[in-house]
Amino acid sequence: MLFALTFQRPYRRPTSRSQGRWPAGLRAMKKEVARARYPAFFRDAARLAAEAVELQTYDTHVVKGLLQTEEYTRALLSMRRPLLNEETIEQRVAARLARQEIFNKWPAPLFSFVMEESVLLRRLGGTSVLRGQLEQILLIGQKRNVEVQVMPLDREDNAGVDGGFTLFTRKGEEQIGYTEAQGRSTLVTDREEVRALAARYGIIRAQALTPCESLAYIEKSLGEL
C-alpha cells in the first residue's frame, strides 16, 4: 500500500540537494520492481543471468526459460499445482519473455544450453506448442554466441544423472552454480562444489551431440511432428 501511495503523490521538482540522488534511486527502484515479477525462489537466478558474461545450463525436464516461447511458457505455468491465478500467469509470462532481451545485449554473453532429448519430445501444451518451441530453439541456436546441444536418450553413460543445473560466470567474479526443484532453489558458491559442477558440465557437453548434430536433430524432429 505504501508503494502505491508513493506514486500517487503530486510531482515535485527535485531540489539541488536531491537532484543528484534521483537517477540512482530510480534505477534501484526499477530493479526491485523487475525482481518482484519473479517468484521469490528465482529472483537471485534472474539477477545473476542478467549480469552474466557466460551462462551454461543443463536441463532434464522442460526447455530452459530463456529459450521458451510465449505459448510454451503459458502452458507450463497453467499446469502448476496448486493452480496459479490468471493474473500471476500473465505476469510471469511477461517477465520470462522480458529476460530474453539478454540475447540482444552487447557485448554478447556466451550461452551453452544442453538438454535431455526427452525435453524435446514432451508435447506440453500440444503439438502446435511444441512445434513453435522447436522452431524457436533452432532460431536462437543459430546465433554466434549460443550453442545448443542434445543429450540422446540412448547414451549408456550420462554424467548428468543427478539432475539439471546452471553455471553463471560474471565479469571479475567467481563462478556460481544454481539448482532448482519443486519451487526451491540453491545457489552454490563453495569453490570445490562449483568446480565439481563445472567439471561435470564439461563431461556432459562431451557426451551430448555436437551443436551442429543437435540442430540437425531438432530440425528432423520438426519435420516429424
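The model shown is predicted, which means the values in this text are computed figures rather than measured ones.

J.: Any details on the pairing of strand β2 (residues 110-116)? Residues and values, ideally.
T.: Counting buried positions over the 7 residues of β2 gives 6, a clear majority of the element. Bridge count for strand β1 (residues 52-59) against β2 is 6 bridges, and the pairing is parallel. If you follow Y58 over to β2, its bridge partner there is V114. For β2 and strand β3 (residues 146-151), the ladder comprises 6 bridges, and the chain directions are parallel. Following the sheet pairing, F111 is matched in β3 by V146.

J.: Kindly report on helix α4 (residues 70-78), identifying the contributing residues and their values.
T.: Among the residues making up α4, those that are buried are Y72, T73, A75, L76 and L77. Buried residues along α4 sit against α5 (86-99) and α6 (127-141).

J.: Can you lay out the layout of surface pockets for me, pointing to particular residues and giving the numbers?
T.: What the largest pocket holds in volume is close to 1,300 Å³. Contributing to the lining of the largest pocket are 39 residues, with F41, V62, R80, E180 and A181 lying nearest its centre. Counting residues per element, the lining of the largest pocket draws most heavily on strand β5 (residues 176-181), at 4 residues.

J.: Pulling in residues and values, what's your account of α6?
T.: An α-helical segment advances 3.6 residues per turn. Residues three or four places apart therefore align on the same side. With 15 residues, α6 should reach 21 Å at 1.5 Å per residue; the first-to-last C-alpha distance of 21 Å fits that figure. Residues V129, L130, Q133, L134, Q136, I137, L138, I140 and G141 constitute the buried set of α6.

J.: An account of the environment of V93 is requested, with residue identities and associated values reported.
T.: Within the secondary structure, V93 sits in helix α5. Looking at V93, the relative accessible area reads 3%, which means it is buried. Taking the C-alpha atoms as reference points, V93 and T69, separated by 24 residues in sequence, lie 9.3 Å from one another. Setting aside residues up to four positions removed in sequence, V93 forms contacts with E70, T73, R74 and L77.

What counts as what
- Residues numbered from 1 in each chain as written.
- Predicted model: local features only at pLDDT ≥ 70, side-chain atom pairs only at ≥ 80, totals over all residues.
- Heavy atoms only, no water.
- Buried < 20%, exposed > 50% of the residue type's maximum accessible area, 1.4 Å probe, protein only.
- Helix = DSSP H or I, 4+ residues; strand = E, 2+ residues; numbered from the N terminus.
- Pairing = 2+ DSSP bridges.
- Contact = heavy atoms within 4.5 Å.
- 1 Å grid on protein atoms, 1.4 Å probe; cavity = no way out; pocket = protein on both sides within 12 Å on 5 of 7 lines; lining within 4 Å.
- Points joined across faces, edges and corners; volume = space filled by probe spheres on them.
- Expected span 1.5 Å × (residues − 1).

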